[in-house]
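Descriptive analysis of the structure
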Amino acid sequence: MSIKLTPIDSVDNISKEDFVNNYLNPRKPLIIRKATESWPALQKWTFEYIKETVGDQTVPLYDSSKADPSKAINASATEMKFGDYIDLIQKQPTDLRIFLFDPIKHAPKLLDDYRSPSDLMGGFLDKYPNMFFGGAGSVTFLHYDIDLAHIFHTHFNGRKHVMLFDQKWTERLYCIPFATYALEDYDIENPDFTKFPALDGIEGQEAFLEHGDTLFMPTGYWHWMKYLTGSFSISLRAWDKSWAIKAKSLYNLTVQRKFDNMMKARFKKDYMDWKENLAIKRAHNALATGKP
């Protein structure tokens, strides 16, 4: 019994034509090793530089504990001065992560240090893209992004283990209803197939990102990430051309998220228990019927 993982395609550089035809249009992941060669950030963005630039900001931190059913999915576990957190992840392993932080809002000069890959595609969304920081051993739980954007995820100052899964495996991954994340009761690195049999035979892709590597994740791809060393990443997001996907994104961000948060606040554990039981039922039904 196993999850079947194959390497994510990797190139040093790629032309727009090859990227569009072989990865963007077919929605296939890709690692571009030298996409950041022209970025000042490749040399400048050390821990000390980022710390000096944004160190006085207080930031929310997230850990590996299971989500509180009464809180929104992005509720933090604690908070800390950014500079103190950078010191922490350089000294020792920790499961504390910084999620969806916008340091560029506090230090606009960082805008000059990176480049959106507009030579490959258009539609980029954020003037202030999100950054993610993690200590050695910290894990980003299995999920797909609620806005369904294409993501160019570039890693700095360490190593990160990544697993990706196509949307077709959504039910078999025990996707929680009215959400974009999976049941948190299994370890995707070492799943208990007796308890979670729908995971057996799932096909995915994996890679180990190094300093300066850029991972292209197409819209809707499930992703799980583990920081192997204290390190950080920046995500640049771009719209898919499909109006159906844009409409689904808007639905996710408005109707679905508000409904889910309302139900959590009102029914708390009862609602979460119902959702988890439904995720298990759907996963086992998908396995029994041979999906995907």
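Cut-offs and rules
- Residues numbered from 1 in each chain as written.
- Predicted model: local features only at pLDDT ≥ 70, side-chain atom pairs only at ≥ 80, totals over all residues.
- Heavy atoms only, no water.
- Helix = DSSP H or I, 4+ residues; strand = E, 2+ residues; numbered from the N terminus.
- Rg over C-alpha atoms; globule rule 2.2 N^0.38 Å.
- Buried < 20%, exposed > 50% of the residue type's maximum accessible area, 1.4 Å probe, protein only.
- Contact = heavy atoms within 4.5 Å.
- Pairing = 2+ DSSP bridges.
- Salt bridge = Lys/Arg side-chain N within 4 Å of Asp/Glu carboxyl O.

When helices and strands are counted, the protein shows six helices and 14 strands. Its C-alpha atoms give the protein a radius of gyration of 19 Å, near enough to 19 Å, the size a compact globule of 292 residues would have. On the principal axes, the C-alpha backbone points of the protein span a range of 50 × 45 × 35 Å. The buried share of the protein, taken over its 292 residues, is 49%. In the protein, of all internal contacts separated by at least 6 residues, the share reaching a separation of at least 24 is 81%.

Attention now goes to the sheet that holds strand β14 (residues 231–238). The sheet built from seven strands is open, its strands ordered β2-β3-β12-β9-β14-β7-β6 with mixed pairing. The open sheet has two free edges, formed respectively by β2 (10–11) and β6 (97–101), since each of these has just one partner strand. When strand β7 (residues 130–134) meets β14, the two strands line up antiparallel, connected through five bridges. Looking across to β14, one finds that Phe-133 is bridged to Phe-232.

Next up on the list: the pattern of salt bridges. Tallied over the entire structure, the rule returns 13 salt bridges. One salt bridge connects Arg-159 with Glu-210, and the closest N-O pair in it is separated by 2.8 Å. On the criterion of sequence distance, the pair formed by Arg-159 in the loop between β9 (150–156) and β10 (160–165) and Glu-210 in the loop between β11 (203–209) and β12 (214–217) is long-range, its members being 51 residues apart. One salt bridge in this structure joins Lys-269 and Asp-273, with 2.7 Å as the shortest N-O distance. Taken together, the residues Lys-269 and Asp-273, both in helix α6 (residues 243–288) and four residues apart, mark about one turn of the helix. Classification of Lys-269 as exposed rests on a relative accessible area of 53%. Overlapping salt bridges bring together Asp-145, Asp-147 and Arg-237 as one network.

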